[in-house]
Amino acid sequence: VQLQASGGGLVQAGGSLRLSCAASGGTFSMYAMAWFRQAPGKEREFVTAISSWTGSRTYYADSVKGRFTISRDNAKNMVYLQMASLKPEDTAVYYCAADRRGSFANTRSDEYDYWGQGTQVTVSS
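Attention in this report is confined to the structure presented alongside it. Because the structure is a prediction, the values reported are computed rather than measured.

Conventions used here
Once a new chain begins, its residue numbering starts again from 1 and follows that chain's sequence as written. The model is predicted, so local features are restricted to residues of pLDDT at least 70 and side-chain atom pairs to those at 80 or more, both for listing and for counting; the totals for chains, interfaces and linings are taken over all residues. No hydrogens and no water enter the side-chain calculation; it runs on all heavy atoms of the structure. When a carboxyl oxygen of Asp or Glu is within 4 Å of a side-chain nitrogen of Lys or Arg, the pair counts as a salt bridge. Here a strand is any run of E in DSSP of at least two residues, a helix any run of H or I of at least four, and the numbering for each starts at the N terminus. For the exposure calls, accessible area comes from a 1.4 Å probe over protein chains only, and a residue counts as buried if that area is under 20% of its type's maximum, exposed if over 50%, partly exposed in between. Pairing between strands is defined by DSSP: at least two bridges between them are needed. Throughout this description, the term nonpolar core refers to a set of buried Ala, Val, Leu, Ile, Met, Phe, Trp, Tyr and Cys residues connected via side-chain atoms within 4.5 Å. Residue contacts follow a heavy-atom distance rule, with two residues in contact if any of their heavy atoms lie within 4.5 Å. To pair, rings of Phe, Tyr and Trp, with the six-membered ring standing in for Trp, must have centres within 6.5 Å; the planes then decide the type, stacked if under 30 degrees apart, edge-to-face if over 60, and tilted in the middle. Distance and angle both matter: a charge sits over a ring if NZ of Lys or CZ of Arg is within 6 Å of the ring centre and within 35 degrees of the ring normal. Note on terminology: pairs of cysteine sulfur atoms within 2.5 Å are recorded as disulfides.

### Observations concerning the pattern of salt bridges
Consideration 1: The tally for this structure, following the rule as stated, stands at eight salt bridges.
Consideration 2: The closest approach of N and O atoms between R37 and D90, which form a salt bridge, is 2.9 Å. Residue R37 is found in strand β4 (residues 32–38), and its partner D90 is found in the loop between β8 (78–83) and β9 (92–99); the two are separated by 53 residues along the sequence. The residues R37 and D90 share a single accessibility class, namely buried.
Consideration 3: Among the ionic pairs, D99 bridges to R101, the shortest N-O distance being 3.2 Å.
Consideration 4: Residue R101 is classed as exposed on the basis of its relative accessible area of 52%.

Here is the structure:
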């Protein structure tokens, strides 16, 4: 399974961005999907996850709850991260990840089997 994240960029505080993650290979709908981020000098941290198949369940880190929305489109093998009310502390490289067991809401990065290459999000104050 290959994952490719895109959509990052430079945005002012309070602005919005939508990240996309395209999956190829494997059976995408079976995978639970997540977004993580890593800021300079910090460890990679969990941002949000969405359940496999219908994506009816979502889970968010407290730091992004109410501002970020994860979604998936199984027909397109895509997962999205809509980010609103962005803050400078959201600046990081954002990674999409897939759990082939479909386990939902794992917040540990070592629980995920496949990773995208990352896309940079920079929020200016």
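### A closer look at the pairing of strand β7 (residues 68–73)
On a regular strand, one side chain projects to one face of the sheet and the next to the other, so that they alternate.
Consideration 1: Across the two faces of β7 the burial differs, with F68, I70 and R72 buried and T69, S71 and D73 not buried at all.
Consideration 2: As paired elements, β7 and β8 share six bridges and run antiparallel to each other. Paired with I70 across the strands is L81, a residue of β8.

### Considerations on the nonpolar core
Consideration 1: If you look at the biggest cluster of nonpolar residues, it comprises 35 residues, and the most contacted ones within it are M33, W35, F68, V79, L81, M83 and Y94.
Consideration 2: Listing elements by their share of this core, those giving two or more residues are β1 (2–6), β3 (17–24), β4, β5 (45–50), β7, β8, β9 and β11 (119–124).
Consideration 3: Of all the elements, β9 adds the most residues to this core, at five residues.

### Some points on the environment of L86
Consideration 1: Mapped onto the secondary structure, L86 falls in the loop between β8 and β9.
Consideration 2: Expressed as a C-alpha distance, the spacing of L86 and G8, which sit 78 residues apart in the sequence, is 12 Å.
Consideration 3: Residues contacting L86, with those up to four places away along its chain left out, are V11, A13, G14, G15, S16, L17, R67, F68 and V123.

### What to know about the packing of aromatic side chains
Consideration 1: Counted by the stated rule, this structure contains seven aromatic pairs.
Consideration 2: Taken together, a centroid distance of 5.3 Å and an interplanar angle of 75° make the contact between F36 and Y112 edge-to-face. With a gap of 76 residues between them, F36 in strand β4 and Y112 in the loop between β9 and β10 (114–115) connect regions that are remote in the sequence. Comparing F36 with Y112, the two get one shared label, buried.
Consideration 3: Centroid distance F36 to W115: 5.1 Å. Interplanar angle 55°. Geometry classified as tilted. Taken together, the residues F36 in strand β4 and W115 in strand β10 connect sequence positions 79 residues apart.
Consideration 4: The rings of F36, F46, Y59, Y95, Y112 and W115 are connected pair by pair, giving a single aromatic cluster.
Consideration 5: Taking NZ or CZ as reference, R44 lies 3.8 Å from the ring centre of Y95, over its face.

### Description of the environment of N77
Consideration 1: Position of N77 relative to the elements: it lies in the loop between β7 and β8.
Consideration 2: Other than its neighbours up to four places away in sequence, N77 contacts C21, A22, A23 and F28.

### Here's the deal with the state of the cysteines
Consideration 1: If you walk through the whole model with that rule in mind, you get one disulfide.
Consideration 2: Between C21 and C96 runs a disulfide, and the two sulfur atoms are separated by 2.1 Å. Disulfide C21 to C96: torsion about the S-S bond roughly 65°, handedness right-handed. Remark: C96 occurs in strand β9 and C21 occurs in strand β3; sequence separation between them is 75 residues. Take C21 and C96: they sit in the same class, and that class is buried.

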